[in-house]
Amino acid sequence: MLASSVKKASTKNRANATDLALPDGYEPSEDEEYMNKRQLAFFGQALKKWKREIIDESKETLAHLQDGPIQEADPNDRASSETDWGLELRTRDRQRKLTSKIDSALRRIEEGEYGYCQVTGEPISLDRLKARPIATMTVEAQEAHERNEKISRDQ
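Residues numbered from 1 in each chain as written. Predicted model: local features only at pLDDT ≥ 70, side-chain atom pairs only at ≥ 80, totals over all residues. Heavy atoms only, no water.

### A few points about the overall build of the protein
- Of the regular secondary structure elements, the protein holds 5 helices and 0 strands.
- The N-to-C order of helical and strand elements in the protein reads α-α-α-α-α.
- Scored against the burial criterion, the 155 residues of the protein give a buried share of 32%.
- Pairs at least 24 residues apart make up 58% of the contacts formed inside the protein by residues separated by at least 6 positions.
- Of the roughly 10,300 Å² that the protein leaves accessible, carbon and sulfur atoms contribute 48%. (Helix = DSSP H or I, 4+ residues; strand = E, 2+ residues; numbered from the N terminus. Buried < 20%, exposed > 50% of the residue type's maximum accessible area, 1.4 Å probe, protein only. Contact = heavy atoms within 4.5 Å. Areas by Shrake-Rupley, 256 points an atom, 1.4 Å probe, with all protein chains shown as cover.)

As structure tokens, then:
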């Protein structure tokens, strides 16, 4: 759950934020209020676009799978094709999990919790959110989490 110091985005900023028309070339800036309507719209639209791309790619994979089984005569060609299919299916599975994270980020936008670390409640840097819009922790909190995970695995 979120740290108690999280400052939720105002209802005014959240209301249909992802539907806001942004100026061409708009990029969130440190010079503006953190998680204002424009920033929320920018990240919401980026998340929705990313999700649409993933869904479109998965439809292509499904279409290929429906083309029928691998019919390679040569055992080496068949093995190569099966390996390619296996990789494709694993990629799609990772992307399926990614869509869940995108949905979660979109839900955080609606709830006014987007952009704030779920551990510390501090704002996540705009650069981090631009690079990974599904981020739920600041870089520092993520590094601490990964160190703790590594320690747990090593024990």
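### Quick word on the pattern of salt bridges
- Tallying each qualifying case throughout the model produces 6 salt bridges.
- One salt-bridge network, in which partners are shared between bridges, spans D93, R96 and K97. (Salt bridge = Lys/Arg side-chain N within 4 Å of Asp/Glu carboxyl O.)

### Looking at the side chain of R108
- Looking at the secondary structure, you find R108 in helix α3 (residues 75-111).
- One buried charged residue, R108, remains without a salt bridge, the closest side chain of opposite sign being E113 at 6.3 Å.
- Among the polar contacts listed, one links the side chain of R108 to the backbone oxygen of I134, at a separation of 3.5 Å.
- If near-sequence neighbours (up to four positions away) are discounted, R108 is found in contact with E113, Y114, Q118, I134, A135 and T136. (Lys, Arg positive; Asp, Glu negative; His and termini not counted. Polar contact = N/O pair within 3.5 Å; in protein donor to acceptor, adjacent residues only side chain to side chain.)

### Focus: the nonpolar core
- With 22 residues, the main nonpolar core has M35, F43, L47, I102, Y114 and L129 as its most contacted residues.
- Residue contacts for Y114: discarding those within four places in its chain leaves M35, L40, F43, L47, A105, R108, I109, L129 and P133. (Core = buried A, V, L, I, M, F, W, Y, C linked by side-chain atoms within 4.5 Å.)

### Re the side chain of R92
- Secondary-structure assignment places R92 in helix α3.
- Not counting the four nearest positions on each side in its chain, R92 is found in contact with E57, S58 and T61.

### Topic: unusual backbone geometry
- Within the chain, M35 stands out as a residue other than glycine whose phi angle is a positive 55 degrees.
- You can see M35 is positioned in the loop between α1 (11-14) and α2 (37-66).

### Points about α3
- Relative to the 54 Å expected for 37 residues at 1.5 Å per residue, α3 spans 54 Å between its end C-alpha atoms, a close match to the ideal helical length.
- Backbone geometry just after α3 places G112 at a positive phi near 80 degrees. (Expected span 1.5 Å × (residues − 1).)

### So, the confidence of the model for the protein
- Averaged over every residue, the pLDDT of the protein is 84; residues scoring 70 or more account for 85%.
- Ranking the helices and strands of the protein by mean pLDDT puts helix α4 (residues 126-131) first, with 97, and α1 last, with 52. (pLDDT = per-residue confidence, 0-100.)

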